[in-house]
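Close look at the chain arrangement
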Amino acid sequence: MLLISTVLELLAYCAGLAVQAKLGALGVMLMLTVAIGRKAKAEGLTLVAVCVLVALMLRTVP
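Residues numbered from 1 in each chain as written. Predicted model: local features only at pLDDT ≥ 70, side-chain atom pairs only at ≥ 80, totals over all residues. Heavy atoms only, no water.

Some words on the packing of helix α2 (residues 25–39) against helix α3 (residues 43–58)
Running from N to C, α2 and α3 point in directions that differ by 150°, and their axes come no closer than 8 Å. As summarised for this structure, α2 and α3 are arranged roughly antiparallel, according to the angle between their axes. Judged by the sense of rotation from one axis to the other, the crossing of α2 with α3 is left-handed. Facing Leu-26, Gly-27, Leu-30, Met-31, Thr-33, Val-34, Gly-37 and Arg-38 of α2, the residues of α3 in contact are Leu-45, Thr-46, Ala-49, Val-50, Val-52, Leu-53 and Leu-56. Its residues assigned to classes, the contact of α2 with α3 shows 10 nonpolar, four polar and one charged. (Axes fitted to C-alpha atoms, helices over the stretch in contact; angles between N-to-C directions. Helix = DSSP H or I, 4+ residues; strand = E, 2+ residues; numbered from the N terminus. Parallel < 35°, antiparallel > 145°, perpendicular 65-115°, else oblique. Left-handed = near helix turned anticlockwise from the far one by under 90°. Contact = heavy atoms within 4.5 Å. Nonpolar A, V, L, I, M, F, W, Y, C, P; charged D, E, K, R; others polar.)

So this is what it looks like as structure tokens:
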């Protein structure tokens, strides 16, 4: 159980670094919004934040 928790936290940390490197403060804010929406069980907030985050991460910057 501890190993699974450790691996999940490491993946979350790496995802946070990737989002911050690509989107900066906006990415961190969106990830925080996703976490808050999940914790508050606000499915609409979480869904919108995830969709915006994915759309911004998939966009190519020239």
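Let us keep going from here.
Quick notes on the nonpolar core
Core analysis: the largest hydrophobic core is formed by five residues, namely Val-19, Leu-23, Leu-30, Leu-53 and Leu-56. Taken together, the elements giving at least two residues each to this core come down to α1 (2–23) and α3. For Leu-23, the contacting residues outside a window of four places in its chain are Leu-53, Leu-56, Met-57 and Arg-59. (Core = buried A, V, L, I, M, F, W, Y, C linked by side-chain atoms within 4.5 Å. Buried < 20%, exposed > 50% of the residue type's maximum accessible area, 1.4 Å probe, protein only.)

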